[in-house]
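# Structural features, examined
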Amino acid sequence: MTDFDQHARPAGGAALAFRNATIGYDRHPALHHLSAHFPAGSMTAVAGPNGAGKSTLLKAAIGHIRPIEGHVEVSGCRRSEIAYLPQLAEIDRQFPLPVFDFVAMGLWGRRGAFGGFRRADDEDVARALAAVGLVGFEQRPLDTLSGGQLQRVLFARLALQDAPLILLDEPFTAVDDRTTHELMDVVAGWNAEGRTVVAVLHDLELVRRRFPRTLLIARRLIAEGDTAAVLTAGHLAAARRHVEAWDEAAPFCEVEPAR
Ligand SMILES: Nc1ncnc2c1ncn2[C@@H]1O[C@H](COP(=O)(O)OP(=O)(O)OP(=O)(O)O)[C@@H](O)[C@H]1O
């Protein structure tokens, strides 16, 4: 358990399911007929080659993209309660705020933007910063942080959202091994509290070590389930072949679902 166990949730939290979902941009599908399930309380890695549709899957889960066909279902919480960490490249780090204030924004969902802060909130922010190893950084402007420090700040803000379902898009890209290890422990702590975690990851060794479940996609489902059974040489080769053979101009899906 982490410092956040006062927010610990009972088992039976939030789940996410894709039901024969085709998801794309301007009606050009990026993901075809995807059926996949992220059970409540599970911790799942989403893997696949570049362009496989991993970020698209997370964006559909939070409702930024609507399926062209099929359904994306969130159960056990409202979509607005999902915590989502986009790729670092999509984050505006020129935000003119000190670390403390930026992290405190994680409380907005619970307090409302104009809800006012309580003394306990200051303590929660301080605890969140301590949990990611950033004591002493409270007044540092965001734009003076290294990539790894910024990622720690983003994790602290995410923790304060107290979300039952947490989606992370390549959270360890451009951070060193030590930061990855420490932030990975934070993620495992969230999952131990009963939160459902879905993380897009390229580092398959990390996935094998730390994620019990994996979803392997390549514009469609290749395999899902126990990580060892999913990340086989055969499945990984199939994923590469499928993405390489993909015709970007194909307007509509004619591929049968993989399962
Ligand atoms: N906003 C967009 N408009 C049009 N096409 C897009 C958009 N975003 C992504 N795509 C396309 O959808 C497909 C899947 O992209 P996505 O970013 O989901 O893949 P990914 O698996 O996350 O890739 P990577 O590992 O490179 O981050 C790609 O062909 C991409 O070019």
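Owing to the predicted nature of the structure, the values given are computational and were not obtained by experimental measurement.

### Describing the site of the ligand
Around the ligand, the structure places Y25, A30, G48, N50, G51, A52, G53, K54, S55 and T56. At 3 residues, helix 1 (residues 54-61) tops the list of elements feeding residues into the shell around the ligand.

### Some points on the pairing of strand 1 (residues 15-25)
Where strand 1 and strand 4 (residues 69-75) come together, 6 bridges link them in antiparallel fashion. Note that in strand 4 the partner of A17 across the bridge is E73. Judged from the 7 bridges that link them, strand 1 and strand 2 (residues 28-38) form a sheet pairing that is antiparallel. Pairing of Y25 across the sheet is with H28, part of strand 2.

### Some details on the packing of helix 5 (residues 147-160) against helix 6 (residues 177-192)
At their nearest, the axes of helix 5 and helix 6 sit 11 Å apart, and the two run at 5° to each other. If you check the angle between helix 5 and helix 6, you find them roughly parallel. Contacts between helix 5 and helix 6 involve G148, Q151, R152 and F155 from the former and T179, L183 and V186 from the latter. Among the residues forming the contact of helix 5 with helix 6, the class breakdown is 3 nonpolar, 3 polar and 1 charged.

### Focus: the domain arrangement of the chain
Domains assigned within the chain are domain 1 (10-82 + 163-259) and domain 2 (85-160). Contacts between domain 1 and domain 2 engage 14 residues on the former and 13 residues on the latter. Here the element with the most residues in the side of domain 1 that touches domain 2 is helix 6; it accounts for 4 residues. Partitioned by chemical class, the residues of the side of domain 1 that touches domain 2 number 7 nonpolar, 3 polar and 4 charged.

### A short note on the environment of H33
Relative to the elements of secondary structure, H33 occurs in strand 2. By C-beta crowding, H33 is classed as buried, having 20 other C-beta atoms within 10 Å. Along the chain, H33 and N20 lie 13 residues apart, while their C-alpha atoms are 4.3 Å from each other.

### Some thoughts on the confidence of the model for the chain
The predicted model of the chain has a mean per-residue pLDDT of 87, with 86% of residues at 70 or higher. Low pLDDT (under 50) marks residues 250-259, which in the prediction has 17 contacts with non-local residues, meaning those over four places away or in another chain. This prediction of the complex comes with two scores: 0.88 for pTM and 0.97 for ipTM.

Cut-off values and rules
Residues numbered from 1 in each chain as written. Predicted model: local features only at pLDDT ≥ 70, side-chain atom pairs only at ≥ 80, totals over all residues. Near = placed C-beta within 6 Å. Helix = DSSP H or I, 4+ residues; strand = E, 2+ residues; numbered from the N terminus. Pairing = 2+ DSSP bridges. Axes fitted to C-alpha atoms, helices over the stretch in contact; angles between N-to-C directions. Parallel < 35°, antiparallel > 145°, perpendicular 65-115°, else oblique. Contact = placed C-beta atoms within 7 Å. Nonpolar A, V, L, I, M, F, W, Y, C, P; charged D, E, K, R; others polar. Domains from an automatic or database assignment. Buried ≥ 20, exposed ≤ 12 C-beta atoms within 10 Å, placed from the backbone. pLDDT = per-residue confidence, 0-100.

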